[in-house]
Amino acid sequence: MLDLASCAIGRIWQAEIFTLLFLALINYYSFNFQWLPMTKELSFQKFIEQSDLLGELKYDFNEKAEFRHTETQRPFVFNYYENGLEENSQRYQALGHLLEQYVYELLEKVCKLEKVYIPPEADKEEPRSFFFMSEKALTNHHSALLVLLQGHGVFRAGQWSQQAIIHHGLQHGSQIPCIQMALQAHYDVIVLNPNDNFVELKMEKEWNGLLTQNIESSSLKMVQGGSFFSLQHPPECIPKRCSNTPEEHMAYIWDYFISKTEGKDIAFIVHGYGGLVFMDLLVRRRWEVMSKVYAVALIDSEHHVGHQLGSDVQLLAWIKHHCREWVTSPKPLDKPAAAVFKREFPMVSAGTEKYSLAPSSSLQSIFKYFKKALKAKTTINFSRMPIATRSSTKRKQSA
């Protein structure tokens, strides 16, 4: 009994250390955002030079991770072509494809995350999706696990908002600051890729040429193969098995990866449509989720409790104690936010009125919430454990 009590006390101290490190790192990165090594190897210009867009996109990220013109240092300008809305839209879309590849590279080379293809048993010629996770995310039983789930849109793993990356920088639009803080505080991380659901049919002929490359590089090949204006034509698509939808992607990674972890305290940060996806998982895998997840931070979530959870008393009680939402609001960060409808869990201001900036604006508050939730969880677990006393020992011996 005493050994169990010592173990529980150790977990409480471990939680305290983790959260103190988190807060220190949050403050550091708020004022010293210098994590991106500005080397030629990690330069965004490398991707531009490999495409046919060198003349149209003379942009790169500066030392502050802001997207700037390489000659004028001015922010990105959408209207490159005069009176050419379609051409400018196509240029913007091509830029998005290149940013997708660039963020993937940063996840691997800067954050040191491992890319995991799903399903693992699929033939290499089959279109596959993937996600990213830290090296020991499934085997390290002494650390907490943070799962990142973004909203629905064109952006892929590692991005909260492509628009925010372009106009406000990687520190606001990407998930990398959040990932770096978690890793340096000895948390493991899983970065989901819920919007990677299909591959274009016209790329099917390229599969053989992609066997020794990353499948997602097909997006770059589209830009390289002739005019980038071809990106705009609506293609026919092949769904990716186990990742046809964000909901299926989430359920598969939960079933075959996250649920296999033992003794881990799991937290989620979900943005926009990601909130609906998480609630879908909660309904489908209720007992596993309720037993493994200790906190969920929702940001401008698109979930609907009435439609998804109905009047399920257990689920409603669980989200009330384990969920908290940050919403766009003119109020200062963390101030209670007004709601049109009754909320089933606390809702506070994200400290901004811009949807795309809500994740970065609320990040510090979210980790404070995780600190409180993890401490409460370890305290409750400890309080429920029987304590060995002399009288109980005597009763056991006499029996």
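About the criteria used
Note that residues are indexed from 1 along each chain, following the sequence as it is written. Two thresholds apply to this predicted model, a pLDDT of at least 70 for residue-level local features and 80 or more for giving and counting side-chain atom pairs, whereas whole-chain, interface and lining totals are computed over all residues. To get the side-chain values, all heavy atoms of the structure are used, and hydrogens and water are removed first. Partly exposed residues are those whose accessible area sits between 20% and 50% of the maximum for their type, while under 20% is buried and over 50% is exposed, using a 1.4 Å probe and protein chains only. The helix and strand labels rest on DSSP assignments: H or I over at least four residues marks a helix, E over at least two residues marks a strand, and numbering proceeds from the N terminus. The arc refers to the directions leading from the helix axis to the C-beta atoms. Whether two residues are in contact is decided by their heavy atoms, any of which lying within 4.5 Å being enough. Distance and chemistry together define a polar contact, namely a pair of N or O atoms within 3.5 Å, with one atom able to donate a hydrogen and the other to accept it when in protein, and with adjacent residues in sequence counting only for side-chain atoms on both sides. Residues grouped as a nonpolar core are buried Ala, Val, Leu, Ile, Met, Phe, Trp, Tyr and Cys residues, joined through side-chain atoms within 4.5 Å. The convention used is that axes are lines fitted to C-alpha atoms, helices contributing only their stretch in contact, and that angles between N-to-C directions extend from 0 to 180 degrees. Note that the term roughly parallel is reserved for angles under 35 degrees, roughly antiparallel for angles over 145, roughly perpendicular for angles of 65 to 115, and oblique for everything else. The handedness criterion is simple: a crossing whose near helix is rotated anticlockwise from the far helix by less than a right angle is left-handed, and one whose near helix is rotated clockwise is right-handed. Residue-level confidence of the predictor is what pLDDT reports, using numbers from 0 through 100. Salt-bridge detection follows one rule: a side-chain nitrogen of Lys or Arg within 4 Å of a carboxyl oxygen of Asp or Glu.

In the nomenclature of an unreviewed UniProt entry, the protein is known as Arb2 domain-containing protein of Sapajus apella.

A look at helix α12 (residues 313–322)
Those residues of α12 that sit buried are Leu-315, Trp-318 and Ile-319. All buried residues of α12 lie within an arc of 95 degrees about the axis, which places them on one face of the element. Looking at α12, the residues exposed on the side facing more than 90 degrees away from the buried face are Val-313, Lys-320 and His-321. Where α12 is buried, its residues touch α9 (273–284), α10 (286–292), β10 (293–299), α11 (305–308) and β11 (323–327). Looking at where α12 begins, the residue whose side-chain oxygen comes 3.1 Å from the main-chain nitrogen of Gln-314 is Asp-312.

Focus: the side chain of Ser-329
Note on placement: Ser-329 falls in the loop between β11 and β12 (347–349). Reaching out from Ser-329, the side chain makes a polar contact with the backbone nitrogen of Lys-331 at a distance of 3.1 Å. Among all residues touching Ser-329, those that are not within four sequence positions of it are Ser-349, Gly-351, Thr-352 and Glu-353.

What about the nonpolar core?
Grouped together as the largest cluster of nonpolar side chains are 60 residues, with contacts concentrated most on Phe-44, Leu-107, Leu-146, Ile-269 and Phe-370. Ranked by residue count, the leading element in this core is helix α3 (residues 85–109), at nine residues. Beyond its immediate chain neighbours, meaning those up to four positions away, Phe-370 contacts Leu-146, Ala-267, Phe-268, Ile-269, Tyr-294, Ala-295 and Ala-297. Judged by nonpolar contacts, the second largest core, of 37 residues, contains Val-116, Met-250, Trp-254 and Val-277.

So, the packing of helix α8 (residues 246–256) against α9
Packing of α8 against α9 brings their axes to within 9 Å, and their N-to-C directions diverge by 50 degrees. Relative to α9, the element α8 is oriented oblique. As for how α8 packs across α9, the hand of that crossing is right-handed. Residues Pro-246, Glu-247, Met-250, Ala-251 and Trp-254 of α8 touch α9, and the partners they reach there are Tyr-273, Leu-276, Val-277, Asp-280 and Leu-281.

Thoughts on the confidence of the model for the protein
Per-chain confidence: the protein averages 80 in pLDDT, with 75% of residues scoring 70 or above. Under a pLDDT of 50 for its full length, residues 203–234 has, in the predicted model, 64 contacts with residues more than four places off or in other chains. Throughout residues 382–399 the model reports pLDDT below 50, and contacts reaching past four residues in sequence, or to other chains, amount to eleven contacts.

A word on the pattern of salt bridges
With the rule as written, the count across this model stands at twelve salt bridges. Close ionic contact of Lys-58 with Glu-71 constitutes a salt bridge, the shortest N to O distance being 3.6 Å. Of this pair, Lys-58 sits in the loop between α2 (45–49) and β1 (59–61) while Glu-71 sits in the loop between β2 (67–69) and α3, and the two are 13 residues apart along the sequence. Overall, the relative accessible area of 57% leaves Glu-71 in the exposed class.

Describing the packing of α9 against α12
Running from N to C, α9 and α12 cross one another at 135 degrees; their axes reach a closest spacing of 11 Å. Considering the angle they form, α9 stands oblique to α12. Here α9 runs over α12; the crossing is right-handed. Here α9 contributes Phe-278, Met-279, Leu-282 and Val-283 to the contact with α12, which in turn contributes Leu-315, Trp-318 and Ile-319.

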